[in-house]
Amino acid sequence: MVDFRNLPSVDEVLRNPIAKKASHVYGHAPTCDVIRAQIDLMRHAMARSDSKALSRAQAVEQIAHSALTSLSDEAQPAHPPVFNMTGTILHTNLGRAQYAPQAIAAATQAMQGAVALEYDLETGRRGHRDSAIAAQIAKLVGAEAACIVNNNASAVLLALATHSLGRETIVSRGELVEIGGSFRIPSIMEAAGARLREVGTTNRTHLHDFQGAIGAQTGAIMKVHTSNYVIEGFTKHVPAKELADLAKSADVPFIDDLGSGVLHDLSAWGLPAERTVQQALEDGGDLVTFSGDKLLGGPQAGFIVGRKDYVAACNAHPIKRAVRLDKVRLAALSATLQLNADAELVARDLPTMRFLTRTVAELDAMATRLIEQLAPKFGSAVRVSRAECDAQIGSGALPTAKLPSIALQLQARDLSAQSLAAALRALRVPVIGRVANNAVLLDLRCLEDEAGLLAQLGGLVAQLEKQW
Ligand SMILES: *Cc1c(COP(=O)(O)O)cnc(C)c1O
């Protein structure tokens, strides 16, 4: 006969201080649910008589503890923070750009109180949501006007829907890109109601191909940055300037989708040069589109900059309202643009640019420091050494450019590299690396919190023991 007399009631457990704390943090109803479930578990354990005999007070304590643990496990954020040690600086799956401290402060302030979002302080009347930021970016890049939207995909969608609805947009066959699986030029064009008019071939497109396609049906000419591939060998593409002139003579806009949107000459930092937004405008881009969270280093956002009347039409289109930004991102974006006014501030305060411009010597010194501290922690269970590797910018900027970088190379004594990578992902703050040559490489290019990483890796051997 099983003795259930020491099984407490929900109310009894709720009077325990740990359960009270749980109820305060996670709410009364969810705490009751979890306590009830824990009592059931204990009842089953007793029935199978595989639990040791507990006093009533012990049972209350144990249930309260398990309830709190279970509630805090469930309360993990949907997108937990991780260490990005993949070597891809702008990793779309890991959230792309990290905000500058100024952007974080501005966003936090916007979250906490009321802001003059669509309010003109001079007249006391309704104002425009993004006229201030539009002026800021227009001035930075030397454009007549700007339109701010949710991301670059919406910028392209809006530009096409505004200017090419039911009409043809002419694009080179070499530029029908797919980015990250869900952004494809032909699909976005279809969604915008524009008809794709492909010209040329995959490797060669001439000006006369575009000229031959111009007609009464033409809505726009478009150029797309081939963000994640290069076509090499026997190739020919038409310079933006010539396409801009052709568009002008046909009285349609020339849309130049840059993707990443660089505002500074990267070669000044010894990096490969990338066409800047300013250059695209100088080349005659009427509607130049780019992202906020790629090389610009800010929050997710999209920009359309260029000719005043063409941009104004985008701003007046109903889709603009559907893809507008909220006050928090606008605040972060404005602070990010302020930094972008100065190349020195950019390299100092924008994490993306800091990661990009770090020297190998710097990373080397970091590797030495980390290995010194990690080797004794790992003992014989994990071998750690320094490895040379290549990092990349990611998110479609300079797809073939490789940035020399340094990684920690980890090899577990009794586990495959895949299992070691899984153990690293199972740490309290997951460490995301990549597997190469039967080892896990942790690229140091994006690491700034060395102490934080050491604290996580300190738990690695214990995590491996769980898997053995
Ligand atoms: C990244 C990219 C996009 C999509 O931008 P999102 O900001 O991710 O919406 C569109 N076009 C090009 C060329 C890109 O590189």
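Residues numbered from 1 in each chain as written. Predicted model: local features only at pLDDT ≥ 70, side-chain atom pairs only at ≥ 80, totals over all residues. Heavy atoms only, no water.

Q: Which residues make up the nonpolar core, and what are the values?
A: Judged by nonpolar contacts, the single largest core of 33 residues is most densely connected at Leu 408, Leu 410, Leu 424 and Leu 444. Where this core is concerned, the elements lending two or more residues are helix H17 (360-378), strand S13 (382-391), strand S14 (403-412), helix H18 (417-425), strand S17 (439-443), helix H19 (450-457) and helix H20 (460-467). The element contributing the most residues to this core is H17, with seven residues. In this view, Leu 408 contacts Ala 367, Leu 370, Ile 371, Leu 374, Val 384, Ser 385, Val 440, Leu 441, Leu 442 and Leu 444; residues no more than four positions away in its chain are not counted. Formed by 28 residues, the second largest nonpolar core is a distinct cluster that contains Ala 145, Val 149, Ala 155 and Val 171. (Core = buried A, V, L, I, M, F, W, Y, C linked by side-chain atoms within 4.5 Å. Buried < 20%, exposed > 50% of the residue type's maximum accessible area, 1.4 Å probe, protein only. Helix = DSSP H or I, 4+ residues; strand = E, 2+ residues; numbered from the N terminus. Contact = heavy atoms within 4.5 Å.)

Q: Could you give an account of the packing of aromatic side chains, with specific residues and numbers?
A: With the rule as written, the count across this model stands at one aromatic pair. In this arrangement the basic side chain of Arg 204 is found over the ring face of Phe 234, its NZ or CZ atom lying 3.8 Å from the centre. (Phe/Tyr/Trp six-rings, centres within 6.5 Å; stacked < 30°, edge-to-face > 60°. Lys NZ or Arg CZ within 6 Å of the ring centre and 35° of its normal.)

Q: Go over the environment of Leu 330, please, and point to the residues and values.
A: Structurally, Leu 330 is set in helix H14 (residues 327-339). Spatially, the C-alpha atoms of Leu 330 and Ile 133 are 7.7 Å apart, while their sequence positions differ by 197 residues. Those residues in contact with Leu 330 that lie beyond four places of it in its chain are Leu 117, Arg 129, Asp 130, Ile 133, Ile 148 and Leu 325.

Q: Go over unusual backbone geometry, please, and point to the residues and values.
A: Of note, the phi angle at Asp 251 is positive, near 60 degrees, even though the residue is not glycine. With respect to the helices, strands and loops of the structure, Asp 251 is situated in the loop between helix H10 (240-250) and strand S10 (254-259). In this structure, Asn 438 is a non-glycine residue whose phi angle is positive, near 60 degrees. Take Asn 438: it is sitting in the loop between strand S16 (434-436) and S17.

Q: Could you give an account of the site of the ligand, with specific residues and numbers?
A: Within the structure, the ligand sits among Arg 96, Asn 151, Asn 152, Ala 153, Ile 179, Phe 183, His 225, Ser 227, Asp 257, Gly 259, Ser 291 and Lys 294. A distance of 2.9 Å separates an oxygen atom of the ligand from a polar atom in the side chain of Arg 96. Between an oxygen atom of the ligand and a side-chain N or O atom of Ser 227, the distance comes to 2.5 Å. Look at the ligand: alone it shows 380 Å² of surface, and the protein chains cover 95% of it. Those elements giving two or more residues to the shell around the ligand turn out to be helix H7 (152-164) and S10. When its residues are assigned to classes, the shell around the ligand shows three nonpolar, six polar and three charged. (Near = heavy atom within 4 Å. Polar contact = N/O pair within 3.5 Å; in protein donor to acceptor, adjacent residues only side chain to side chain. Areas by Shrake-Rupley, 256 points an atom, 1.4 Å probe, with all protein chains shown as cover. Nonpolar A, V, L, I, M, F, W, Y, C, P; charged D, E, K, R; others polar.)

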